[in-house]
Amino acid sequence: MPSQTTSSSSGGSLSTPDTQAPSSPEALGFSGLTATSVLLKWGGASDDRGVSAYDIYRDGRFLGSVSVNTLVFLDTAVNPNATHRYQVKARDAAGNLSPASAELVINVPPLVTARDTQAPTAPGSLRTTQISASSLSLSWLPATDDTGVAVYDVLLNGTVIASLTSTTTNYTASGLRPSTSYTVTVRARDTSGNVSLAATIQVSTAVAAAPPSSSSSSSSSSSSSSSSSRFQLFQFLPSSSSSSSSSGGKSSSSSSSSSSSSSSSSSSSSSSGGKSSSSSSSSSSSSSSSSSSSGGASTQTIVKYDFTAGDALATKDGWRFHSIWPLSAVPGTTSVGLPFTYNATPDGIYPNNAEMRFDMPPVDEIWLRVRLHEPSNYVMRHNTQIKTANAFAAGWRVGDQLLADDGVSRATISSINSDSVFVRWAEKAAYDTWGSSSAQRLIRNTTRNSTLLSTGKAVWGGDKIMALWVDNYSGDGTGPTIILGAISDWTFGTSKDAIFTAGYRSSGPVGSSSRVSVANIPGGKLFTQTNRGKYIDLAVHVRFSSQTGAKDGVIETWIRYEGEGSYTRRHDIRDADIDRPLNLGGDQQKWQRGYLMGYSNTGYDEQTTFHISRIELFRAKPQDLP
C-alpha cells in the first residue's frame, strides 16, 4: 500500500496521524442463551492500520472489551425474563472507534431450572505443535460439560490473549520474544460462566536466527537501496543452475549443489491420476527454477510443496504459510497431507477452524494446482435459515415440526438463534414452496401449536475450497478476489453432492465501492459419492482484465479425479470483471495472497477432515491441462 509518512524539514519522516475509524463489526448474533447468560458472536471489522480490540455495550452502557483475536463475548450478568440490547464497536490502536454494529435484541428466558454450577472439565493434552522465535502453535483436546462448553480462553503469563469458540481446539500465539519462557494456559467456560481447571504448560520460544554477515561498502549500500519487491520479482525469472551475487564488495557464486540438500535439489516419484510421475527441483539463494512431471506435464515451477515427499510448512521460494500445524497421514492412503478438520456443529454455527492463509510470490497471472483429498465421510448439509424473531422466547425448541401456510411444506427445527430458526427439509419441494428470500409467510409450529411470522429465508449451503487475492481479502475497493467453493446442488437423501463454483469480486479505486461486482458461476459437481476417500487434482488459472472496465478477465478450472488419466475443464470464463488495481504500486498490483479451505457455511454433523498433499504454482500453463 502507499507509504503513510511525510517528510520533515530535518530530512526525517513523521508518521501521518491515524484518524480513520474501523468499519462496523458485522452480523452480531448469539450462539448461546440461558436465563442467566448470553454468548455473543460477530464478524470481524477492518481498518487501514488494523483493528486492536472490540468493545461490547449492553443497553447503551459499556460492558467490556476483547482482543482483536476474539469474536465472542460471554455475558453472565443478565437477568432472567429480561430484554437486553447489545452492540459492538471496533477500536484501532489510535483509539478510533467504529460506528456501532446493528443492535441485537435478546429476550432472556425465565429461570425454570436450578442454576448451572458445574464447571467444565479441563482441556486435555495441551501441547505445542510448532515453535519459532516469535510464535507458539498450540493444540488441545476438547473439554466436556453437562450443558456444553461455550468458550476456550488462551492465557499467556496469566493474561487472556484470545477467547475461542467451543469448536476450536488450536491456536497460534504470535509476536513473541525469542529465547523467552512463557506460561501458556487454556481453560474452558460454559454458558453459565463456570470456569474449568486450567491446562498449563511452560514453553520457551526458539533462538532467533543470526542475521547474515555483511561489511559496509559502496556495493552493499547499492544493494540495500534495491526494494524488496524487486528482489521478489527477480525470483521468478528463469535462471541457470548457478548464479553470482555481490555482497559487501565480495563476489560469491551459488549453484544447485548447495550445502543444504533440501534446497539444492530433490527428486521424487509419485502417482498422479493413475500415472507414474517424477519431479525434480533446483534452487539458489537468488532465484529458483524447477521442472516437474505429473501425468505427462512438464513446465517450470515457481514453488512446489509435496508433503508426502517430505516437505514441511516452512517458507519456501517466496511462499509463506501464516499458521503451522502438524501434517498427518491421509486415511486409506500412504500419503501425508495438510489436514483441515471441521468439528461437528449445530446448524447456523460456522465451524471456521480450518483455514490456512498464505503469501505467495507476486504473479501477474495465476497457474495454481492443489491435490485435495475428499473425506470418506463427507456429507454436505442442507439447511435453511427462516427469519423469525423471538422463537426461543415463544417456547420453540430444536426438534419441533414446522408447517408453512401452504399446508404442505414441512421442516424440522435444527437450531435457534436471536432472529432465526434453522430447519432441515425432508425433500427439495418443501424448500421450493416455502417462498422467496423476502416473502412474509406465517409458519406454524405443530409441536407447540403456535405461529410466528417469517420475513424471509436464506440458504446455508457453501463450503470454501480456496480464495486468491491481490492486496487483501476485499469486497470494497482495494483489489479483486477470486473464490472457489462448493455449494449445495439441492439433491437429497444419500446422493448429496456439491456444485463447484468460481466466484470473484472486482472493484475500483481504494475506498470506492462504486464498481464492486460479484459473480458466481457453477462448474458441475465437485465432491461425489464415488470419490469419497479419494484425491482430486484441482488446477486454477486467473488473469486480469486487459484494461480497467474491459471485463475480459479469465478464470479457468480443471478437475482430475483419482484414477483418471486426464483433466476435465470445469470453468472457461472469458468475461470476468477483475481489474488490476492500478492505484497501487509495484507488487501490490499482482496476485500474492490467499487461503486454502476456510469457512464451511453449512457445517458438518460429524467431524470431517480434508487433506491437501501437494501445492504447485507455475509460471505458465502445465502441459497436461487441455
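A quick note: this is a predicted structure, and the numbers were derived from the prediction, not measured.

1. Quick notes on the overall build of the protein chain
Within the protein chain, the secondary structure is distributed over 4 helices and 43 strands. By sequence separation, contacts in the protein chain at least 24 residues apart represent 65% of the contacts at least 6 residues apart. When the accessible surface of the protein chain is split by element, carbon and sulfur atoms take 50% of a total near 27,700 Å².

2. Examining the sheet that holds strand β14 (residues 170-173)
An order of β10-β11-β14 is seen for the 3 strands of this open sheet, with the pairing classed as antiparallel. Two strands lie at the open edges of the sheet, namely β10 (124-131) and β14, each paired on one side alone. For this sheet the average axis-to-axis angle between neighbouring strands, irrespective of direction, equals 20°. One ladder, built from 5 bridges, connects β10 with strand β11 (residues 136-141); its direction is antiparallel. For Gln130, the partnering residue across the bridge sits in β11 and is Ser137.

3. A short note on the packing of aromatic side chains
How two aromatic rings sit relative to each other is given by the distance of their centres and the angle of their planes. For the structure shown, the criterion picks out 18 aromatic pairs. A centroid spacing of 5.5 Å and a plane angle of 50° characterise the contact between Tyr342 and Tyr604, whose relative ring orientation is tilted. In this pair, Tyr342 sits in strand β25 (residues 336-342) while Tyr604 sits in the loop between β42 (591-597) and β43 (608-618), placing the two residues 262 residues apart along the sequence. Exposure class is identical for Tyr342 and Tyr604. Each is buried. Taking 5.6 Å as the distance between ring centres and 50° as the angle between the ring planes, the aromatic pair formed by Phe527 and Phe610 counts as tilted. Linking Phe527 in the loop between β38 (517-525) and β39 (535-543) with Phe610 in strand β43, this pair joins segments that are 83 residues apart in sequence. With relative accessibility at 0%, the residue Phe527 sits in the buried group. Among the residues examined, Phe610 registers a relative accessible area of 0% and is labelled buried. One cation-aromatic arrangement involves Lys316 over Tyr305; the distance from NZ or CZ to the ring centre is 5.2 Å.

4. Focus on the nonpolar core
By size, the foremost hydrophobic cluster in this structure holds 54 residues, and its most contacted members are Trp319, Phe340, Phe527 and Ile615. Once residues lying within four places of it in the same chain are set aside, the contact partners of Ile615 are Val303, Lys304, Tyr305, Phe307, Trp319, Phe321, Leu368, Arg369, Val370 and Leu596. Among the nonpolar cores identified, the runner-up in size contains 21 residues, and Leu138, Ala162, Val186 and Ala199 belong to it.

5. Observations concerning the side chain of Asp47
With respect to the helices, strands and loops of the structure, Asp47 is situated in the loop between β4 (38-43) and β5 (51-58). Buried and unpaired, Asp47 has Arg49 as its nearest opposite-charge partner, separated by 6.6 Å. A distance of 3.0 Å separates a polar side-chain atom of Asp47 from the backbone nitrogen of Arg49. Within polar-contact distance, the side chain of Asp47 engages the backbone nitrogen of Gly50 at 3.2 Å. Once you skip the residues sitting within four places of it in the chain, Asp47 turns out to touch Asp18, Gln20, Ala21, Pro22 and Asp92.

6. A word on the confidence of the model for the protein chain
The predicted coordinates should not be examined in detail at positions where pLDDT is low. Across the protein chain, the average pLDDT comes to 76, with 74% of residues at 70 or higher. The low-confidence segment residues 213-298, where pLDDT is below 50, has 140 contacts with residues more than four positions distant or belonging to other chains.

7. Quick notes on the pairing of strand β15 (residues 181-190)
When you tally the buried positions in β15, you get 7 out of 10 residues, the bulk of the element. Alignment of strand β12 (residues 149-156) against β15, held across 7 bridges, turns out to be antiparallel. Bridging across to β15, Asp153 finds its partner in Arg187. Sheet topology places β15 next to strand β16 (residues 199-204); 6 bridges connect them, and they run antiparallel. Residue pairing in the sheet places Thr183 in a bridge with Gln202 of β16.

8. Let's talk about the side chain of Asp624
Inspection of the secondary structure puts Asp624 in the segment after β43. In this structure the side chain of Asp624 is engaged in a polar contact, spanning 3.2 Å, whose partner is the side chain of Arg369.

9. Here we look at the sheet that holds β4
Strand pairing in a sheet relies on backbone hydrogen bonds. The paired strands run either parallel or antiparallel. Overall, antiparallel pairing links the 3 strands, which are arranged β3-β4-β7 in an open sheet. Looking at the sheet topology across the chains shown, the edges are occupied by β3 (26-33) and β7 (72-75). Each neighbouring strand pair of the sheet contributes to a mean axis angle of 20°, computed without reference to strand direction. Sheet analysis places β3 next to β4, joined by 5 bridges and oriented antiparallel.

10. Describing the pattern of salt bridges
Where charged atoms of side chains with opposite charge meet at close range, the side chains can pair. Tallied over the full model, the rule gives 25 salt bridges. We note a salt bridge from Arg58 to Asp75, for which the minimum N-O separation is 2.7 Å. Of this pair, Arg58 sits in strand β5 while Asp75 sits in strand β7, and the two are 17 residues apart along the sequence. We classify Arg58 as buried; its relative accessible area is 18%. Given the relative accessible area of 3%, Asp75 is considered buried. For Asp364, the salt bridge identified is with Lys590, shortest N-O distance 3.9 Å. Residue Asp364 is found in the loop between β26 (355-363) and β27 (365-373), and its partner Lys590 is found in the loop between β41 (568-576) and β42; the two are separated by 226 residues along the sequence. With a relative accessible area of 36%, Asp364 lands in the partly exposed category. When its relative accessible area of 11% is taken as the criterion, Lys590 is described as buried. Through salt bridges with shared partners, a single ionic network connects Asp364, Arg580, Asp587 and Lys590.

What counts as what
Residues numbered from 1 in each chain as written. Predicted model: local features only at pLDDT ≥ 70, side-chain atom pairs only at ≥ 80, totals over all residues. Heavy atoms only, no water. Helix = DSSP H or I, 4+ residues; strand = E, 2+ residues; numbered from the N terminus. Contact = heavy atoms within 4.5 Å. Areas by Shrake-Rupley, 256 points an atom, 1.4 Å probe, with all protein chains shown as cover. Pairing = 2+ DSSP bridges. Axes fitted to C-alpha atoms, helices over the stretch in contact; angles between N-to-C directions. Phe/Tyr/Trp six-rings, centres within 6.5 Å; stacked < 30°, edge-to-face > 60°. Buried < 20%, exposed > 50% of the residue type's maximum accessible area, 1.4 Å probe, protein only. Lys NZ or Arg CZ within 6 Å of the ring centre and 35° of its normal. Core = buried A, V, L, I, M, F, W, Y, C linked by side-chain atoms within 4.5 Å. Lys, Arg positive; Asp, Glu negative; His and termini not counted. Salt bridge = Lys/Arg side-chain N within 4 Å of Asp/Glu carboxyl O. Polar contact = N/O pair within 3.5 Å; in protein donor to acceptor, adjacent residues only side chain to side chain. pLDDT = per-residue confidence, 0-100.

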